[in-house]
Amino acid sequence: IQPSLLLWDTTNFFTRIEAGEDLPRKGMSKDKRNDRNLIGLGLVVSEDNIPLLHETYPGNANDAKVFSKLIDQLAARLEGLGLDPKSLVAVFDKGGNSQANIEALSQRLHLLGSVKRTQAKRLLKVPLGKFEKAFVNGKGHEIRAYRTRAEFYGRTWTVVVSYNEASARKQKAKFEVDLEKAKAGLTDLTERLKRRRGRGRPRTTSGVYKEAFRLIPPKLQALFTLRVTRPGGRARLEWLVKEREVALRYDAFGKQVI
């Protein structure tokens, strides 16, 4: 067995442990069970699905910080198995990105990763006419790609921007439905606060913010600016959509910056 790729990813599992333990913690549940304490698991496998390293960690731990603690351990494990780390490629998603992680990994292995859309605005605006056919994936969708050089984390890398038109259509449709639903919800909340009368307890500023954010899917919350004012002692909601951020989402549909 002579692996050439090391695939790192994380997941978590919800538990019924309520108290008294160090590992179970509240976090973003992969199973949508945010009401339960979670246990995190990070795993390194070869391209043949042979596990080479794993780590169990608290459910609220940051993926990048967990990854940083394993880099030396991973290099030692590979050497202990008689493998040369510098002949291997570590593959991981953007959740493991940090300046320290990239620098530490680059000294030991080759890297294959991706970056956030906010880090690659210029690349996401490259016209699709400059993309070339790369391959057809397992679903029969044509994948196109644009290859260039770009700087990230203080280094110059070979970068490929991939584009899947089928994914772009699907992402765009869902995005527009979710965005309009959030805007309708915020409009309704704004009007309800204006109409509120009577002797009932006044709405608190934090309460209005919480209700407003519940109306916006987590992945869209960065697209809105919310402001709660209290003219005459009564809460009022003002909100705006960040149009530049919306435009960036449209630029990124169907694309990965690798």
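Conventions and cut-offs
Residues numbered from 1 in each chain as written. Predicted model: local features only at pLDDT ≥ 70, side-chain atom pairs only at ≥ 80, totals over all residues. Heavy atoms only, no water. Phe/Tyr/Trp six-rings, centres within 6.5 Å; stacked < 30°, edge-to-face > 60°. Helix = DSSP H or I, 4+ residues; strand = E, 2+ residues; numbered from the N terminus. Buried < 20%, exposed > 50% of the residue type's maximum accessible area, 1.4 Å probe, protein only. Pairing = 2+ DSSP bridges. Axes fitted to C-alpha atoms, helices over the stretch in contact; angles between N-to-C directions.

Caption draft 1: The arrangement of the packing of aromatic side chains in detail. If you walk through the whole model with that rule in mind, you get eight aromatic pairs. Measuring from centroid to centroid gives 5.8 Å for Phe-131 and Tyr-146, while their planes differ by 35°, and the two rings are tilted. Here Tyr-146 lies in strand β7 (residues 142–152) and Phe-131 lies in the loop between α3 (121–124) and β6 (132–136), a separation of 15 residues in the sequence. Just as Phe-131 is buried, Tyr-146 falls in that class too.

Caption draft 2: Just unusual backbone geometry, in detail. One non-glycine residue, Asn-49, lies in the positive phi region at around 65°. Secondary-structure assignment places Asn-49 in the loop between β2 (38–46) and β3 (51–58). A relative accessible area of 61% means that Asn-49 is categorised as exposed.

Caption draft 3: Main features of the sheet that holds strand β1 (residues 5–14). Taken in spatial order, the five strands make up an open sheet running β3-β2-β1-β4-β5, and their pairing is mixed. This sheet does not close on itself; its edge strands, each paired only once, are β3 and β5 (110–112). Going across the sheet, the axis of each strand differs from the next one's by a mean of 25°, ignoring polarity. Pairing geometry for β1 and β2, over nine bridges, is antiparallel.

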